[in-house]
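Observations on the model geometry
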Amino acid sequence: MSQSIYDRYGGFKTISRIVMTFYEMALDSDQIGGHFEDIDMPRLIDHQTKFVSSLVGGPASFSDDRIEAVHRHLNITHEDFDEMADLFGEALAQHGMEDAHIKIALGAIESKRAIIVTRSAA
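Reading the values: rules and limits
- Residues numbered from 1 in each chain as written.
- Predicted model: local features only at pLDDT ≥ 70, side-chain atom pairs only at ≥ 80, totals over all residues.
- Heavy atoms only, no water.
- Helix = DSSP H or I, 4+ residues; strand = E, 2+ residues; numbered from the N terminus.
- Contact = heavy atoms within 4.5 Å.
- pLDDT = per-residue confidence, 0-100.
- Buried < 20%, exposed > 50% of the residue type's maximum accessible area, 1.4 Å probe, protein only.
- Phe/Tyr/Trp six-rings, centres within 6.5 Å; stacked < 30°, edge-to-face > 60°.
- Axes fitted to C-alpha atoms, helices over the stretch in contact; angles between N-to-C directions.
- Parallel < 35°, antiparallel > 145°, perpendicular 65-115°, else oblique.
- Left-handed = near helix turned anticlockwise from the far one by under 90°.
- Nonpolar A, V, L, I, M, F, W, Y, C, P; charged D, E, K, R; others polar.

1. Details of the environment of Asp64
Within the secondary structure, Asp64 is located in helix α4 (residues 64–71). Once you skip the residues sitting within four places of it in the chain, Asp64 turns out to touch Lys112 and Ile115.

2. Points about the confidence of the model for the protein chain
Per-residue confidence for the protein chain gives a mean pLDDT of 91, with 97% of residues at or over 70. When the elements of the protein chain are averaged for pLDDT, α4 gives the smallest value, 88, and helix α5 (residues 78–94) the largest, 97.

3. Some remarks on unusual backbone geometry
Despite not being glycine, Asp38 shows a phi value in the positive range, around 60°. Looking at where Asp38 falls in the secondary structure, it is placed in the loop between α2 (11–28) and α3 (41–55). Classification of Asp38 as exposed rests on a relative accessible area of 84%. Look at Asn75: it is not a glycine, yet its phi comes out positive at around 55°.

4. A few points about the packing of aromatic side chains
Applying the stated rule across the entire model yields four aromatic pairs. When the centroid spacing of 5.9 Å and the interplanar angle of 80° are considered together, the rings of Phe51 and Phe62 count as edge-to-face. Of this pair, Phe51 sits in helix α3 while Phe62 sits in the loop between α3 and α4, and the two are eleven residues apart along the sequence. Its relative accessible area of 29% is what places Phe62 among the partly exposed residues. Taken together, the ring pairs in this structure connect Phe22, Tyr23, Phe36 and Phe88 into an aromatic cluster.

5. Looking at the packing of α2 against α3
Axis angle and axis distance: for two packed helices, these are the angle between their axes and the distance between the axes, and together they describe the pair. As a packed pair, α2 and α3 sit with axes 9 Å apart at the nearest point and diverge in direction by 125°. The pairing of α2 with α3 is recorded here as oblique in orientation. Pair α2 / α3 crosses with right-handed handedness. On α3, the residues touching Phe12, Ile15, Ser16, Val19, Met20, Tyr23 and Leu27 of α2 are Met41, Leu44, Ile45, Asp46, Gln48, Thr49, Lys50, Val52 and Ser53. Grouping the constituent residues of the contact of α2 with α3 by class yields ten nonpolar, four polar and two charged.

Dropping the structure here:
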């Protein structure tokens, strides 16, 4: 049985560090930094750590309906999503994740684009 990315890189503790690194970069981003004004960052980091953990084989799970509901009011654009993915990839690399595993993790995040990015009115 192969080991999940979550287990291979040290589980919740490592994913939490990766998420903190991501948010350090995200807060400085001209593209997405504004999304985090007036946000309870410790709470967000905890939730995001659980979410990312679930995407890479960890124990938490989030329904697509819940993910969509949480992001619906944020007006996230495709450009915002692309910036987030780029910064997250950088954070994964900074914490020693292998390129193949980064690609898998980013693919899992990409699979949620349609429920995170705000839909335009037709």
